[in-house]
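Spelled out from the first residue to the last, the chains are:
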Amino acid sequence: VDVATLQVEKLVGEVNDAELDERLDMLAKNVRGYTKREDGAAAQKDDMVVIDFVGSIDGVEFEGGKGENFNLTLGSGQFIPGFEEQLVGAKAEGQVDVKVQFPEQYHAPELAGKDAVFAVTVKEVQAPDEAKVDDELAKKLGLDSLDTLRERVREQTKNEFALASRLHLKRRILDALDKANDFPLTPAMV
């Protein structure tokens, strides 16, 4: 088949201001700080809690189920499903027994699908600071201004779009070649 006769569509993505603003907001949220909540304040979604925890299955501690002074942002999805939600409402110096079930497809087969209890001590509750997209954010990231940060994020996004477009195009070219060529394979190739 003459490859010049093949036709494929190449996708091209443009970075618009809404996409750029969304990425900058996400970046600001990722690098924002946290401030300790007043004593007795309950943890809320997006708060960071400093915790100690010990996990057990049927009353027996398991390897990898223990941590101290761990910073956990509630709602981040860092822990197995159900863990973080049970810490919403917890207070500093409080104790919480978090009951969860490990997913069936968990990476440690000896824990997969099992029920566990984590004895959690909440040491501190911290509220997220406001995430601002400004020159201070750029300086925090080692750049001189917000304009420079915007341009860097725009270029990175363009590169991501170009890579996605290239992968899409490659798949379409291979599909077109497969459709245009039909020949038997030797048993050794199969």
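Placed above this text is the structure.
All figures in this text were calculated on a predicted structure; none of them were measured in a lab. (Residues numbered from 1 in each chain as written. Predicted model: local features only at pLDDT ≥ 70, side-chain atom pairs only at ≥ 80, totals over all residues. Heavy atoms only, no water.)

(A) The arrangement of the overall build of the protein chain in detail. Along the protein chain, the regular secondary structure elements total three helices and five strands. Secondary structure elements in the protein chain, listed N-terminal to C-terminal, are α-β-β-β-β-β-α-α. Here the C-alpha atoms of the protein chain give a radius of gyration of 25 Å, more than 25% beyond the 16 Å that 2.2 N^0.38 yields for 190 residues. Dimensions of the protein chain, computed from the C-alpha atoms along their principal axes, are close to 75 × 55 × 20 Å. Expressed as a percentage of the 190 residues in the protein chain, the buried residues total 29%. The long-range share in the protein chain, meaning contacts at least 24 apart out of those at least 6 apart in sequence, stands at 61%. For the protein chain, the exposed surface amounts to about 13,000 Å²; the carbon and sulfur share of it is 49%. (Helix = DSSP H or I, 4+ residues; strand = E, 2+ residues; numbered from the N terminus. Rg over C-alpha atoms; globule rule 2.2 N^0.38 Å. Buried < 20%, exposed > 50% of the residue type's maximum accessible area, 1.4 Å probe, protein only. Contact = heavy atoms within 4.5 Å. Areas by Shrake-Rupley, 256 points an atom, 1.4 Å probe, with all protein chains shown as cover.)

(B) The nonpolar core, seen in detail. Of all hydrophobic cores here, the largest spans 24 residues; its most connected members are Val49, Ile51, Phe83, Leu87, Phe118 and Val120. In terms of residue count, the dominant contributor to this core is strand β5 (residues 115-128) (five residues). Here Phe118 is in contact with Phe53, Val54, Gly55, Phe62, Gly65, Phe83, Val96, Asp97, Val98, Val100 and Phe102, once residues within four sequence places are set aside. Membership of the second largest hydrophobic core comes to ten residues, among which are Ala28, Ala138, Leu146 and Leu149. (Core = buried A, V, L, I, M, F, W, Y, C linked by side-chain atoms within 4.5 Å.)

(C) Quick look at the environment of Gly142. You can see Gly142 is positioned in the loop between α2 (135-140) and α3 (146-180). The exposure class of Gly142 is exposed, given its relative accessible area of 62%. With 86 residues separating them along the chain, Gly142 and Ser56 place their C-alpha atoms 43 Å apart.

(D) Highlighting α3. The first and last C-alpha atoms of α3 sit 50 Å apart over 35 residues, in line with the 51 Å expected at 1.5 Å per residue. Residues Leu146, Leu149, Val153, Arg154, Thr157, Ser165 and Ala176 constitute the buried set of α3. Tucked into the core, α3 has its buried residues touching α1 (17-31) and α2. (Expected span 1.5 Å × (residues − 1).)

(E) How the structure looks around the packing of aromatic side chains. Tallied over the entire structure, the rule returns eleven aromatic pairs. With centroids separated by 5.2 Å and ring planes inclined at 80 degrees, the aromatic side chains of Phe83 and Phe118 adopt a geometry described as edge-to-face. Here the residue Phe83 occupies a position in the loop between β3 (60-73) and β4 (94-101), and Phe118 occupies one in strand β5, the gap between them amounting to 35 residues. Note on Phe118: relative accessible area 6%, which makes it buried. Considering the side-chain rings of Phe102 and Tyr106, the 4.8 Å spacing of their centres and the 55 degrees angle between planes classify their relative orientation as tilted. The class of Phe102 is buried, set by a relative accessible area of 4%. (Phe/Tyr/Trp six-rings, centres within 6.5 Å; stacked < 30°, edge-to-face > 60°.)

(F) Just the pattern of salt bridges, in detail. Inspection of every chain in the model, using the stated rule, returns ten salt bridges. Residues Arg23 and Glu19 are paired through a salt bridge, measuring 2.7 Å at the closest nitrogen-oxygen approach. One end of the pair is Arg23 and the other is Glu19, both in helix α1 and four residues apart, which spans about a single turn. Judged by its relative accessible area of 22%, Glu19 is partly exposed. Salt-bridge contacts for Lys158 lead to Glu155; the nearest nitrogen and oxygen are separated by 3.7 Å. (Salt bridge = Lys/Arg side-chain N within 4 Å of Asp/Glu carboxyl O.)

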